[in-house]
Amino acid sequence: MFSGLLCLPESPAWTLRHRGPDAASRILVPLRGTKEAEIELQELLHEAQSGTADKAQAWSAMKRRGVRRALALGCFVQLLQQTVGINT
């Protein structure tokens, strides 16, 4: 399994964020072809630009009492399942 991991290309989305659009394009072209790679690269650029706003929105949602309560309840139920041994 480890040897197969060495043959995998890097994620285009990660490469776009860390190395820029040119490096992401070099990864996408062999996988998708030139035309589809351009389309996917544009989608990735759009997602990267809107993704920063989504992260800020997600953290601001944590300030609401109902969201914190639901998260705490979900964590408690998961902890209880692990303790009791229920596999659902």
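Calculation criteria
Every chain is numbered independently, its residues counted from 1 as its sequence is written. Reporting in this predicted model follows two pLDDT cut-offs: at least 70 for local features of residues, and 80 or more for side-chain atom pairs to be given and counted; totals over whole chains, interfaces and linings ignore these cut-offs and use all residues. Think of the side-chain values as coming from all heavy atoms in the structure, minus any hydrogens and water. Here a helix means four or more residues in a row that DSSP labels H or I, a strand means two or more in a row labelled E, and each is numbered from the N terminus. Multiply 1.5 Å by the residue count of a helix minus one, and that product is the helix's expected span. Side-chain atoms within 4.5 Å link the members of a nonpolar core, which is a set of buried Ala, Val, Leu, Ile, Met, Phe, Trp, Tyr and Cys residues. Buried, partly exposed and exposed residues are distinguished by accessible area as a fraction of the type maximum, computed with a 1.4 Å probe on protein chains only: under 20%, between the cut-offs, and over 50%, respectively. We call two residues contacting when some pair of their heavy atoms lies within 4.5 Å. Residues qualify for a patch when their relative accessible area is over 30% and they have no salt bridge, like charges being joined within 9 Å and the nonpolar side chains of Val, Leu, Ile, Met, Phe, Trp and Tyr within 5 Å. Only the protein chains shown count as cover for residues, with accessible areas throughout obtained via the Shrake-Rupley method and a probe of 1.4 Å. Counted as salt bridges are all cases of a side-chain nitrogen of Lys or Arg within 4 Å of a carboxyl oxygen of Asp or Glu. Lines fitted to C-alpha atoms define the axes, with helix axes restricted to the stretch in contact, and inter-axis angles between N-to-C directions lie between 0 and 180 degrees. Roughly parallel refers to an angle under 35 degrees, roughly antiparallel to one over 145, roughly perpendicular to one between 65 and 115, and oblique to any angle outside these ranges. Whether a crossing is left-handed or right-handed is set by the direction in which the near helix is turned from the far one by less than a right angle, anticlockwise for left-handed and clockwise for right-handed. The residue classification treats Ala, Val, Leu, Ile, Met, Phe, Trp, Tyr, Cys and Pro as nonpolar and Asp, Glu, Lys and Arg as charged. All others, Gly included, are polar. One number per residue, pLDDT, summarises how confident the predictor is, and it ranges from 0 to 100.

Novice: Is there a simple way to think about helix α5 (residues 65-84) in this case?
Specialist: Along an α-helix, residues three or four apart share an orientation, since each turn contains 3.6 residues. For α5, built from 20 residues, the straight-helix expectation of 28 Å at 1.5 Å per residue is met to within 8% by its first-to-last C-alpha distance of 28 Å. Directly after α5, the chain includes Gly 85, whose backbone phi takes a positive value near 100°.

Novice: Help me out: how do you make sense of the nonpolar core in this one?
Specialist: Nonpolar side chains tend to gather and get buried jointly when the protein is soluble and globular. Counting residues in each nonpolar core, the largest one holds 6 residues, listed as Leu 16, Ala 24, Leu 28, Ala 37, Leu 41 and Leu 44. Tallying contributions element by element places helix α4 (residues 34-61) first for this core, with 3 residues. Every residue in contact with Leu 41, bar those within four places of it in the chain, is listed here: Leu 16, Pro 21, Ala 24, Ser 25 and Leu 28.

Novice: Looking at this structure, how should I read a nonpolar patch on the surface?
Specialist: Residues Leu 73, Phe 76, Val 77, Leu 80, Val 84 and Ile 86 make up a contiguous nonpolar surface patch of about 570 Å² in total accessible area. Within the secondary structure layout, Val 77 lies in helix α5. Take Val 77: its relative accessible area is 39%, and that puts it in the partly exposed class.

Novice: How do you make sense of the packing of helix α2 (residues 12-19) against helix α3 (residues 21-32) when you look at a structure like this?
Specialist: For any two helices packed against each other, one specifies the inter-axial angle together with the distance between the axes. It is the contact of α2 with α3, at a shortest axis distance of 7 Å, that shows an interaxial angle of 155°. Here α3 runs roughly antiparallel to α2, going by the angle between their axes. For the element pair α2 and α3, the recorded crossing hand is right-handed. Contact residues: α2 offers Pro 12, Thr 15, Leu 16 and Arg 19, while α3 offers Pro 21, Ala 23, Ala 24, Ile 27 and Leu 28. Partitioning the contact of α2 with α3 into residue classes produces 7 nonpolar, 1 polar and 1 charged.

Novice: I keep staring at the side chain of Thr 15 and nothing clicks. Help me out?
Specialist: Along the polypeptide, Thr 15 turns up in helix α2. What Thr 15 contacts, discounting residues up to four positions off in sequence, is Glu 10, Gly 20, Ala 23, Ala 24 and Ile 27.

Novice: Looking at this structure, I do not really get the confidence of the model for the protein chain. What am I missing?
Specialist: Detailed conclusions should not be drawn from predicted coordinates in areas where pLDDT is low. Scored by pLDDT, the protein chain has a mean of 86; 95% of the residues are at 70 or more. Summarising per-element confidence for the protein chain, the mean pLDDT is lowest in α4 (82) and highest in α5 (92).

Novice: Help me understand the side chain of Glu 40 in this model?
Specialist: By the element assignment, Glu 40 lies in helix α4. Among all residues touching Glu 40, those that are not within four sequence positions of it are Leu 28 and Arg 32.

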